[in-house]
2 protein chains.
Amino acid sequence: MTRTISLLGATGSIGASTLDLIRHNRADWQVEALTANCSASALAQLAREFDARIAVVGDESCLPELRAALEGTDIEAAGGSAALCEAAARPVDMTVAAIVGCAGLAPTMAAVEAGGTIALANKEALVSAGDILKSAIERAGASLLPTDSEHNAIFQCLAGNKVREVRRIILTASGGPFRTLSADQLKSVTREQALKHPNWDMGAKITIDSATMMNKGLEFIEAHHLFPVGLENIDILVHPQSIIHSMVEYRDRSVLAQLGPSDMRVPIASCLAYPERMETPLTPLDLAMIGELTFEAPNEELFPATRIAREAIEAGGAAPAVLNAANEIAVEAFLNERIGFTRITAVAESVLARYMPSQPATMEDVLAIDAEARDHARAVLEIPTLV
Amino acid sequence: MTRTISLLGATGSIGASTLDLIRHNRADWQVEALTANCSASALAQLAREFDARIAVVGDESCLPELRAALEGTDIEAAGGSAALCEAAARPVDMTVAAIVGCAGLAPTMAAVEAGGTIALANKEALVSAGDILKSAIERAGASLLPTDSEHNAIFQCLAGNKVREVRRIILTASGGPFRTLSADQLKSVTREQALKHPNWDMGAKITIDSATMMNKGLEFIEAHHLFPVGLENIDILVHPQSIIHSMVEYRDRSVLAQLGPSDMRVPIASCLAYPERMETPLTPLDLAMIGELTFEAPNEELFPATRIAREAIEAGGAAPAVLNAANEIAVEAFLNERIGFTRITAVAESVLARYMPSQPATMEDVLAIDAEARDHARAVLEIPTLV
């Protein structure tokens, strides 16, 4: 049975993984919309390969290039943020929401309001706009499938069980490449060192977030929105091999864990085929070859990001949106070699202490808070004693 | 809501664990029948504590002692194998079938034929009489919940999923205490050394089976009957810490694992509360404290038991019943210091090569095969060059 699918963010890494799975199972899928920010020629090539109905660039200035690249096909081309939301609102069986950053908020919301099933890979939608998104899902009768490997793992460990029987969610973290450094060594970590993640091949921003553990902090906030077990019942456990992607402990002390290769095609396949399963072209996990899995408690003295994120979601309201925006600016400053590694989280915490807007009620509110938090972060970056 | 429960094998270790859980959740359970082989006074004490309706000893010669110990109560007392089966057939919400050995076959079958839910902890029912038991379950519309920690783990990892989506079942094995010994060292293993299991506190027979890996071989056969994924899709993985109790890999390469403390109260609680969960009085798993989980491929050169078991279930028919009976006699001979450690599996394999009765059709057939296989094993033990 063919199902229809739209892919918001087709040219990024989640997009590539999703399309690779569709490529291996072509008969099962009819691609409706593919979107990108501005990679017009890559987008056009994918739209041709997958015979999409429409291709959309978020940046309208890239539309002429897209049109040219699609000439001679009957694939529609469109551009701009309104077009993005219109494409996202087309009725499909499945939407993969994989636009990075706040640019993804409005199209994700449009897909939710259309009431379908959303495989959510956009962190900001839950971190910055968790309550708004959840209300919209409820109103529209949409379904959310978490695509992040950790949240997808938790979702799988909950299958056939009830959230009220959960004693504890155990969010695993690689601990990043600097897990074993001293406080002094951490200060002199370079951009190049931070860009090498031991287990996952990801974009620069999320790789730095992994190194600071802010990625786990943001995932903690996401987990709280997805799985209502109470903040005090979500633990973080460092597991450097990233083979166990997360766990759920039930009140009988039984723990279920999801394991797998460090490849996003596994959680994406779980979303695409849910509640069934589908083939993936991956080498199966070989634990005898891997040999050992290790675990340790997180060190929040050296890596305060998870503490900061926990405090932000405890504070609630706009705090997680502020944290997310401030962190983005701080990571950018680190990548531009303006600040040292340990200053990334210091900047985020400093912005959280200075800017506490009221609870956002709409996606527009979230975008305004996001923009203002970025300004605050830029201002903090100008204060030499703070960074 | 109070549920009724009968416990076949109340004075053994599974019985004690089950009753401890009921003790912590007394308001939820009304105990119908408690049975034992001959421990009349222990049985009477439990029957009094849990206010059972009937207490039954399998060995009729122990009935007078039971009657005396229950004097002054309105708890019925009965004895003998017919009484055991009658008690097992009383309608209850849940029967825990935990009688050790072939003595458990008839009462387990009686409970199955009554059509209730059976938490099955009796290995022989599946190993020696798997096909007969499964037909009876289907006929009676009974439900089977696996109580062995490994099979319960697999059952939990299958929740919300379909067996046809399974790529592989990964049965974990501690590898026993002699995992790291050489072939020569294995030959001189003593009874005392073999009786020390690193992770589980169990009876003597099953502790020796753990050391030879025959326990895993028998579990392999059980897994085959419980989870029809094909023999070639059941793998054994050595995991010395026994924290992961087994795993299921799906065709998308996602692996679900069940972990927990090495305490039978966890899988028993999972059966008692199924499909809900219940509280257990156990210390939760602390992976940061445990530190590491290791894995290695099984060594079937040194520990041929899993190979022998695989060959027995591949041969089908009566072979698993013969293996089980021969192994029991061989373990007994080892415990009596008549044969060396490495001869246990050699005796079992030798009996399998000599005695191949036709497929049993009834529990009586199984019992006859069991008795005859024991005679063959005793005969093999008399051949000095073979043992």
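Conventions we followed
- Residues numbered from 1 in each chain as written.
- Chains lettered and ligands numbered in written order.
- Predicted model: local features only at pLDDT ≥ 70, side-chain atom pairs only at ≥ 80, totals over all residues.
- Heavy atoms only, no water.
- Phe/Tyr/Trp six-rings, centres within 6.5 Å; stacked < 30°, edge-to-face > 60°.
- Buried < 20%, exposed > 50% of the residue type's maximum accessible area, 1.4 Å probe, protein only.
- Lys NZ or Arg CZ within 6 Å of the ring centre and 35° of its normal.
- Domains from an automatic or database assignment.
- Contact = heavy atoms within 4.5 Å.
- Buried area = accessible area lost by both parts, 1.4 Å probe.
- Salt bridge = Lys/Arg side-chain N within 4 Å of Asp/Glu carboxyl O.
- Polar contact = N/O pair within 3.5 Å; in protein donor to acceptor, adjacent residues only side chain to side chain.
- Helix = DSSP H or I, 4+ residues; strand = E, 2+ residues; numbered from the N terminus.
- Pairing = 2+ DSSP bridges.
- Axes fitted to C-alpha atoms, helices over the stretch in contact; angles between N-to-C directions.
- Least-squares fit on C-alpha atoms with pLDDT ≥ 70 in both.
- Disulfide = S-S within 2.5 Å.
- Parallel < 35°, antiparallel > 145°, perpendicular 65-115°, else oblique.
- Nonpolar A, V, L, I, M, F, W, Y, C, P; charged D, E, K, R; others polar.
- pLDDT = per-residue confidence, 0-100.
- Core = buried A, V, L, I, M, F, W, Y, C linked by side-chain atoms within 4.5 Å.
- Right-handed = clockwise from strand over helix to strand, strands pointing away.

A look at the packing of aromatic side chains
Working step 1: Summed over the entire model, instances satisfying the criterion amount to six aromatic pairs over all chains.
Working step 2: When the ring of Phe-334 of chain A is compared with that of Phe-341 of chain A, the centres are 5.7 Å apart and the planes differ by 70°; the resulting orientation is edge-to-face.
Working step 3: Judged by relative accessible area, Phe-334 of chain A falls into the buried class, the value being 3%.
Working step 4: Joined through ring pairs, the aromatic side chains of Phe-178, Phe-334 and Phe-341 of chain A make up one cluster.
Working step 5: Arg-277 of chain B extends its terminal NZ or CZ atom over the ring of Tyr-250 of chain A, reaching a point 4.1 Å from the ring centre.
Working step 6: Here the basic side chain of Arg-310 of chain B rests over the ring of Phe-220 of chain B, its NZ or CZ set 5.8 Å away from the ring centre.

Overview of the domain arrangement of chain A
The extent of an interface is frequently quoted as the accessible surface area lost upon association of the parts.
Residues and elements named next belong to chain A.
Working step 1: Domain boundaries in chain A define domain 1 (3-146), domain 2 (151-301) and domain 3 (316-387).
Working step 2: Between domain 2 and domain 3, the contact holds 18 residues from the first and 14 residues from the second.
Working step 3: Summed over both partners, the interface of domain 2 with domain 3 comes to about 1400 Å²; 78% of that surface belongs to carbon and sulfur atoms.
Working step 4: For the pair domain 2 and domain 3, the interface holds zero salt bridges.
Working step 5: Inspection of the region where domain 2 meets domain 3 yields two residue pairs in polar contact (both at pLDDT 80 or more).
Working step 6: Within the residue set of the side of domain 2 that touches domain 3, elements represented by two or more residues are helix H9 (183-187), helix H10 (191-194), helix H11 (204-212) and helix H12 (214-226).

Looking at the sheet that holds strand S8 (residues 166-173) of chain B
Working step 1: Within the open sheet, the eight strands sit side by side as S9(A)-S8(A)-S10(A)-S11(A)-S11(B)-S10(B)-S8(B)-S9(B). Their pairing is mixed. Lying at the two open borders of the sheet, with one neighbouring strand each, are strand S9 (234-238) of chain A together with strand S9 (234-238) of chain B. Looking at each pair of strands side by side, their axes are set apart by 20° on average, direction ignored.
Working step 2: As paired elements, strand S8 (residues 166-173) of chain A and S9 of chain A share five bridges and run parallel to each other. Following the sheet pairing, Thr-172 of chain A is matched in S9 of chain A by Leu-237 of chain A.
Working step 3: Set on the sheet, helix H8 (residues 149-157) of chain A makes contact with S8, strand S10 (244-250) and strand S11 (255-259) of chain A together with strand S11 (255-259) of chain B; between it and S10 of chain A the angle comes to about 35°.

Brief notes about the relation of the copies chain B and chain A
Working step 1: The operation relating chain B to chain A is a screw motion whose rotation component is 180°, with 0.0 Å of axial translation and a residual RMSD of 0.0 Å. What we have between these two chains is a two-fold relation. Of every C-alpha in chain B, the one belonging to Gly-160 of chain B sits nearest the axis of rotation, 2.2 Å from it.
Working step 2: Take the interface residues of chain B: 100% of them recur as interface residues in chain A, which is what a same-surface contact looks like.

A look at the state of the cysteines
Each disulfide consists of one covalent bond between the sulfur atoms belonging to two cysteines.
Working step 1: Counting across every chain of the model gives two disulfides over all chains.
Working step 2: Paired by a disulfide, Cys-38 of chain A and Cys-62 of chain A hold their sulfur atoms 1.7 Å apart. Its S-S torsion of approximately -90° makes the covalent link between Cys-38 of chain A and Cys-62 of chain A left-handed. Taken together, the residues span a long stretch of sequence, with Cys-38 of chain A in the loop between strand S2 (29-36) and helix H2 (40-49) and Cys-62 of chain A in the loop between strand S3 (54-57) and helix H3 (63-69) at a distance of 24 residues.
Working step 3: Among the residues examined, Cys-38 of chain A registers a relative accessible area of 30% and is labelled partly exposed.
Working step 4: The closest cysteine sulfur to the non-disulfide-bonded Cys-85 of chain A is located on Cys-102 of chain A, 13 Å from its own sulfur.
Working step 5: Counting only cysteine sulfurs, Cys-157 of chain B is the nearest neighbor of Cys-157 of chain A, a cysteine outside any disulfide, at a range of 8.2 Å.
Working step 6: With a relative accessible area of 1%, Cys-157 of chain A lands in the buried category.

So, the packing of H11 of chain A against H12 of chain A
Helices that pack against each other are described as a pair by the angle of their axes relative to one another and the distance between those axes.
All names here are of chain A.
Working step 1: Interaxial distance between H11 and H12 falls to 5 Å at its minimum, and their mutual angle equals 90°. What the angle tells us is that H11 and H12 run roughly perpendicular. Side by side, H11 and H12 meet where Ile-206, Asp-209, Ser-210 and Thr-212 of the first sit next to Met-214, Asn-215 and Leu-218 of the second.
Working step 2: Broken down by class, the residue content of the contact of H11 with H12 amounts to three nonpolar, three polar and one charged.

A closer look at the pattern of salt bridges
Residues and elements named next belong to chain B.
Working step 1: By the definition in use, this model includes 64 salt bridges over all chains.
Working step 2: Arg-265 is the salt-bridge partner of Asp-20, the closest N and O atoms lying 2.7 Å from each other. One end of the pair, Asp-20, is in helix H1 (residues 13-24); the other, Arg-265, is in helix H13 (residues 265-273), and 245 residues separate them in sequence.
Working step 3: Since its relative accessible area comes to 18%, Arg-265 is described here as buried.
Working step 4: With a shortest N-O distance of 2.8 Å, Arg-251 and Glu-165 are connected by a salt bridge. Linking Arg-251 in the loop between strand S10 (244-250) and S11 with Glu-165 in the loop between helix H8 (149-157) and S8, this pair joins segments that are 86 residues apart in sequence.

Details of the pairing of S10 of chain A
Residue and element names in this part refer to chain A.
Working step 1: For S10, the tally of buried residues reaches seven of seven residues, placing the bulk of the element in the interior.
Working step 2: Of the strand pairs in this sheet, S8 and S10 are connected by four bridges, and their pairing is antiparallel. Considered in S10, the bridge of Ile-169 is made with Val-248.
Working step 3: Inspection of the sheet shows S10 paired to S11 by five bridges, in the antiparallel sense. In the strand pairing of S11, Ile-244 is matched with Leu-259.

Describing the confidence of the model for chain A
Close inspection of predicted coordinates is inappropriate in any region flagged by low pLDDT.
Working step 1: Per-chain confidence: chain A averages 96 in pLDDT, with 98% of residues scoring 70 or above.
Working step 2: Model confidence for the complex is summarised by a pTM of 0.96, with the ipTM given as 0.96.

Considerations on the nonpolar core
The nonpolar side chains of soluble globular proteins are, as a tendency, buried together.
Working step 1: Within the largest apolar cluster, 185 residues are counted, with the highest numbers of intra-cluster contacts made by Leu-133, Leu-323 and Phe-341 of chain A together with Leu-133, Leu-323 and Phe-341 of chain B.
Working step 2: Once you skip the residues sitting within four places of it in the chain, Leu-323 of chain A turns out to touch Met-214, Leu-218, Ile-221, Ile-308, Ala-309, Ala-312, Ala-348 and Leu-352 of chain A.

Examining the interface of chain B and chain A
Working step 1: Contact residues are listed per partner, giving 47 residues for chain B and 47 residues for chain A.
Working step 2: The contact between chain B and chain A buries some 3900 Å² in all, and 48% of this surface belongs to carbon and sulfur atoms.
Working step 3: Of all residues in chain B, Asp-252, Arg-253 and Arg-277 of chain B give up the largest surface area on contact with chain A, accounting jointly for 20% of the area buried on that side.
Working step 4: Inspection of the region where chain B meets chain A yields 10 salt bridges.
Working step 5: Two residues, Glu-276 of chain B and Arg-164 of chain A, come together in a salt bridge whose shortest N-O distance is 2.9 Å.
Working step 6: Between chain B and chain A we count 32 residue pairs in polar contact (both at pLDDT 80 or more) in total.

A word on unusual backbone geometry
Residue and element names in this part refer to chain A.
Working step 1: The omega angle of the peptide bond from Tyr-274 to Pro-275 is 0°, so this bond is cis rather than trans.
Working step 2: Checked against the element boundaries, Pro-275 lands in the loop between helix H13 (265-273) and helix H14 (287-290).
Working step 3: Phi at Glu-337 is positive, roughly 60°, even though this residue is not glycine.
Working step 4: You can see Glu-337 is positioned in the loop between helix H16 (319-335) and helix H17 (343-354).

Description of the pairing of strand S2 (residues 29-36) of chain B
All names here are of chain B.
Working step 1: Burial analysis of S2 places seven of its eight residues in the buried class, which makes it a mostly covered element.
Working step 2: The pairing of strand S1 (residues 3-8) with S2 spans five bridges and is classified as parallel. Counterpart to Leu-7 in the pairing with S2 is Leu-34.
Working step 3: Following the chain from S1 across H1 to the adjacent parallel S2, one finds a crossover that is right-handed.
Working step 4: Bridge count between S2 and strand S3 (residues 54-57): four bridges; the pairing is parallel. Along S3, the bridge assignment pairs Thr-35 with Val-56.
Working step 5: In this region the chain leaves S2, passes through helix H2 (residues 40-49) and returns to the parallel neighbour S3; the handedness of that crossover is right-handed.

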